[in-house]
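# Summary of structural features
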Amino acid sequence: MNRCRGKPRDGERFGHVKHKESTGRNFCNRGEKYHWTGKQMQAGWHRRGMEEYAGDMDPGSKGSRGEIYPQLTGGQAEEQYVNFSIYQSQFKSRVHLFSFFRPKSYRSNSPEEIRLLAIAENFQRQYSHLCPDRKPLLLCPVNECGVKKFVSTSLRPTPTIHCELFDWQGCASFVADFLSLVPLDPPVELPKALSSPTAVLQSQRATCFEYATLLCSLLLGEDYDAYCVSGYAVNEMCLLDQSLQQCPLLDPEVKAVQDVTPEQKGQDDKYSVKLQLQLKSRFLAEQEKKKREAEAALLVKQKQQEEKDRQLADPLRGLRVHCWVLVLSGCRDVQENFFIDPLTGISYPTNSDSFLGIESVWNNLNYYVNMQDCSNGCADMMFDLDDLKTWESVLFGASSKKQLIQEVLKRKEAKLMGKGNLVQEDVPKVLEMPRSWVSYIAISTEALKNRWPGGKKVIRYKQAQLERFATSKRLYGVATRLTKYKDRDCTEVAMVNEWYQDRSDFLEEKEVDNINKITTERFRHGRKRHLLFLRVKSLTVGTEVEMHFSGARVDDLVRRVLSPKELIELFEGRSDFLHYRHVYFKKDIQLLSENSRMEEVPILKVVERFHRNDSKPANEDVAERVFLIPEKLIELTYHLTEDRLIPSKISFIKPLGSEKGNAQEISLDMISTFQVDISAKPFTAVTLHKMLVELMEVEEKVTHHIMRSVKEMRDIVTLREKETKEMKLWNRAAALVRSRKQKKENSEIKNILQKYLSEEIDKDQDVKKEGLDPYFEIETEEKIKIIQEQYMKDIAEVEKTQEWLKMKLHELRKHRERDQQQRCDEIRTQVKAALEQLRMDMQRGEETHKDLQEDLCQELKRSSLMDS
């Protein structure tokens, strides 16, 4: 038989030693004085149990030494009675407080429980006799009322109605967050008491055994094959010390998209020239690989040395008692066995170095003692609990969960085969586990929301600190805060990450980098101006601001970066196929300056790039447009054709000191063209002149757009500063209640007025139109103003075109003159349409005004009826 030592021998930390030949079915030794078979041992347990536990074994019950321990005499009974008296005094106050407020099952034992306690007591004696080197088992601790209860009956499988607790991750996270740890004292001994899960939920304080009991109850209720494990673990796990572990929130995240510049990325990979294959030395590559492997090996060796130093620093390594949860495969699509540390809610493989040995495991059906060697921790352990050579059960012959599942499947198969009425063979009855004495474990929605004790939980990691806040303790809406430090002593802050909820400014996450002086904010959808991302970086001179937007903007802008000397804008899905704009400034732009004005934006160069428009030929589709403001130069670069390597280009020089459209100062010397296809028809002078005029208009529009962009960024930064100072939290519950209340009131008013809608209303009643006429007057004036402005623009364009025709009549051909005349006719038609639209809008406004007057008469009539 293998024995799990409580104290390691010389040269060993923890493990089991082998003894003489074992049957594998029970605690028997063929070479010892006592030799019991399995049936004899269980019969002995039952017989002695009925004699010893004839009455209730509550600590508050009175009795002599012989009444409490009838099987002991002399000094043994005296010693046991003294220990019982000490135990009775420790829990006297607790019994007094809880006895009157707990159910009867908490305060007393049923006959089945008394019989089970007798079996467990006898099992403990046999175990201590046959395995003197191993520590006693945790079989019958007392509950919060001071009553002895078998540990398996403390597990209450409880299914929940909360979707957050439907899987093991949610259950483990809730238990780890909801409870605060009470360390074992002393750390090398089993606890004397084990409170029920219901009492633990009320106090929110628990030992590791109570953590595991609550978690295992939830997992059993969700149909997991879960077990509580009593064993030994490392110091950091027993004391919930995570200062040497990496914070899980510090995993590599998706970084922001880097700035797209011509130097970083080519215009189009399809047309880019492929680089020549670079020759590399295999010898140098192998040397570099060996160097990396040596560095990795050195790093692993350093970690192992640190682990060894840490192990040597703990004098109680291998002796610290801990309790965790084992989940076996076969249920809920679990493919492999794994451990769950209930203190942190983190899962571990069964061969993890953090777990040093196992004494016993139990669930709500049986209790199993480990008979395997643990000298190498849990790495070589087998978890087939039905194997009697590796696991010894307290209730011999009791059904396990796996056996119950197999029996159900057999019954279903027999029913399908029509053999459901067959007489089953007589099976000897064995003692089954009594029903749990714990009440239903009820978890409220409020407990899920405010799960942290005191409304806050702080966890120290390696060079980091994680803080979580309950809903009632969230200052400025902060739900989670992660602070990263430069040093191991956590004295100098390097970065602070905060996650928010229910903020009026739609802020979800904020990151402050104190090293690089960068502040990053992320927002959820629905914010004004569709802002999703904001990053402000302090530079040596000025600041750099980066903004990301959703696709709901009218201008289809998705990203904008403004530095003191540059502005980059990225677009998606525009009708003009514009996707990139890069602006260079003459001098630094002070975005956060209070005295900054729009006129102070000096533009040096503007570069715009366009996607391919398949409706146009490639040599007529502009790929890049450059405005050189000081040089008064405009450059156009067209897309590449399929059989060409060089694109076509056109350069325009704006006339000096001229206004746009003044053709007297525009000559062909100001225009230079380069066409790749020689056979293509060249641009005519009229076409080039028209292109130049249009480009100058576009340049003016782009300049105004850039000024508005800079102003918008200034407004957003200023608004963020104001929102940070005047932050408000959005109460979802209150908003929902207000919305439902408003809908109810509206429905009631509608039902009341329904009675009066069928009655005739005097339309000749005088109506006061206060607040009605001014509204329609303003709306009509705005429409008239817009139409008149468009009318004046069209007239001016007609006059300008006619004047240009008179001046250039001798240079144009007849068909060009006809085209221009057709253009004038189209503009005249547009003017007539605008006038007709103006007339119709004015007529429609009068009709709408009249209809609203009638509606107002009806409303006044209804109000008079309601008042009467």
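Above this text you will find the structure in question.
To keep things clear, this report deals only with the structure shown in the data block. (Residues numbered from 1 in each chain as written. Predicted model: local features only at pLDDT ≥ 70, side-chain atom pairs only at ≥ 80, totals over all residues. Heavy atoms only, no water.)

A count of helical and extended segments in the protein chain gives 17 helices and 27 strands. Expressed as a percentage of its 868 residues, the buried residues of the protein chain come to 41%. Partitioning the contacts of the protein chain with sequence separation of at least 6, the portion at a separation of at least 24 is 57%. Surface exposure of the protein chain reaches about 52,200 Å², of which carbon and sulfur atoms provide 51%. (Helix = DSSP H or I, 4+ residues; strand = E, 2+ residues; numbered from the N terminus. Buried < 20%, exposed > 50% of the residue type's maximum accessible area, 1.4 Å probe, protein only. Contact = heavy atoms within 4.5 Å. Areas by Shrake-Rupley, 256 points an atom, 1.4 Å probe, with all protein chains shown as cover.)

Evaluation of the coordinates by the stated rule reveals 29 salt bridges. Residue R134 is joined to E359 by a salt bridge in which the shortest nitrogen-to-oxygen separation is 2.9 Å. In this pair, R134 sits in the loop between α6 (111-130) and α7 (168-178) while E359 sits in strand β9 (residues 355-362), placing the two residues 225 residues apart along the sequence. Owing to a relative accessible area of 6%, R134 belongs among the buried residues under this scheme. E359 sits in the buried class, given a relative accessible area of 5%. (Salt bridge = Lys/Arg side-chain N within 4 Å of Asp/Glu carboxyl O.)

Here is a general trend for soluble globular proteins: nonpolar side chains tend to be buried in one another's company. Grouped together as the largest cluster of nonpolar side chains are 86 residues, with contacts concentrated most on L219 and I358. Of the residues forming this core, the biggest block, 10 residues, is contributed by helix α9 (residues 208-221). One finds F523, F627, L692 and I716 within the second-largest nonpolar core, a separate group that totals 41 residues. (Core = buried A, V, L, I, M, F, W, Y, C linked by side-chain atoms within 4.5 Å.)

Attention shifts here to a negative patch on the surface. A cluster of acidic residues, E846, E847, D851, E854 and D855, forms a negative patch at the surface. Turning to its location among the elements, E847 is positioned in helix α17 (residues 814-867). Here E847 falls in the partly exposed class, since its relative accessible area comes to 44%. (Patch = residues over 30% accessible without salt bridge, like charges linked within 9 Å, V, L, I, M, F, W, Y side chains within 5 Å. Lys, Arg positive; Asp, Glu negative; His and termini not counted. Charge placed at Lys NZ, Arg CZ, Asp CG, Glu CD.)

When you tally the buried positions in strand β21 (residues 566-571), you get 5 out of 6 residues, the bulk of the element. Bridge analysis of strand β20 (residues 557-562) against β21 gives 5 bridges, and the strand direction is antiparallel. The residue bridging V561 from the neighbouring strand is I568, located in β21. Adjacent in sequence and paired antiparallel, β20 and β21 are bridged by 3 residues. With 5 bridges joining them, β21 and strand β22 (residues 578-585) adopt antiparallel strand pairing. Within the sheet, the bridge partner assigned to I568 lies in β22 and is H582. (Pairing = 2+ DSSP bridges.)

Reading across from one edge, β8-β7-β6-β5-β9-β10-β11 is the order of the 7 strands in this open sheet, with antiparallel pairing throughout. Both edges of this open sheet fall to β8 (346-349) and β11 (391-393), since each of them pairs with a single strand only. Mean inter-strand twist for the sheet, computed between neighbouring axes without regard to direction, equals 35°. Sheet analysis places strand β6 (residues 321-328) next to strand β7 (residues 338-341), joined by 3 bridges and oriented antiparallel. (Axes fitted to C-alpha atoms, helices over the stretch in contact; angles between N-to-C directions.)

A few words on the packing of aromatic side chains. By convention here, two paired aromatic rings are described through the distance between centres and the angle between planes. Tallied over the entire structure, the rule returns 12 aromatic pairs. Pairing W324 with F339 gives two aromatic rings, centres 5.7 Å apart and planes at 75°, and the pair type is edge-to-face. Pair noted here: W324 is in strand β6 and F339 is in strand β7, with a separation of 15 residues, a long-range link. Side by side, W324 and F339 carry an identical accessibility label, which is buried. An aromatic cluster is defined as three or more aromatic residues linked by ring pairs; in this entry it consists of W324, F339, Y348, F355, F383 and W391. A cation sits over an aromatic face here: R553 above F549, 4.5 Å from the ring centre. The ring of F571 carries R574 above its face, with NZ or CZ at 4.9 Å from the centroid. (Phe/Tyr/Trp six-rings, centres within 6.5 Å; stacked < 30°, edge-to-face > 60°. Lys NZ or Arg CZ within 6 Å of the ring centre and 35° of its normal.)

Within α7, 9 of the 11 residues are buried, which leaves the element mostly enclosed by the surrounding structure. Among the residues making up α7, those that are buried are W168, G170, C171, A172, F174, V175, A176, D177 and F178.

Let us now look at a nonpolar patch on the surface. Nonpolar side chains collect at one region of the surface, where L645, I646 and F674 lie side by side and expose about 360 Å² of accessible area between them. The residue I646 is located in the loop between β25 (633-638) and β26 (649-653) in this model.

Most of β25 is tucked away: 5 of the 6 residues are buried. Here strand β24 (residues 622-628) runs beside β25; their pairing, made up of 6 bridges, is antiparallel. Bridging from a neighbouring strand, R625 pairs with L636 of β25. Here β24 folds back onto β25 in antiparallel fashion, the turn holding 4 residues, of which K632 has a positive phi close to 55°. Both β25 and β26 contribute to a ladder of 5 bridges, which runs antiparallel. Following the sheet pairing, L636 is matched in β26 by I650.

The next point concerns the environment of L404. Mapped onto the fold, L404 is located in helix α12 (residues 401-416). L404 gets classed as partly exposed once you look at its relative accessible area, which sits at 35%. Not counting residues up to four positions away in its chain, the partners in contact with L404 are L365 and S399.

Moving on to the side chain of E113. Within the secondary structure, E113 is located in helix α6. With a relative accessible area of 7%, E113 lands in the buried category. Here the side chain of E113 touches S110 through a polar contact of 2.9 Å, landing on its backbone nitrogen. Beyond its immediate chain neighbours, meaning those up to four positions away, E113 contacts S108, K149, P434 and W437. (Polar contact = N/O pair within 3.5 Å; in protein donor to acceptor, adjacent residues only side chain to side chain.)

A word on the side chain of N497. With respect to the helices and strands, N497 occurs in strand β15 (residues 493-500). At 3.0 Å, the side chain of N497 forms a polar contact with the side chain of E511. Sequence-distant contacts of N497, defined by excluding residues within four places in its chain, comprise T480, R481, L482, K484, E509, K510 and E511.

In this structure, the amide linkage connecting D185 to the following residue, P186, adopts the cis form with an omega of 0°. The phi dihedral of L240 falls on the positive side, at around 55°, and the residue is not glycine. Take L240: it is sitting in the loop between α10 (235-238) and α11 (282-313). For K517, which is not glycine, the phi torsion reads 60° and is therefore positive. Relative to the elements of secondary structure, K517 occurs in the loop between β16 (507-513) and β17 (518-523). You can call K517 exposed: its relative accessible area is 55%.

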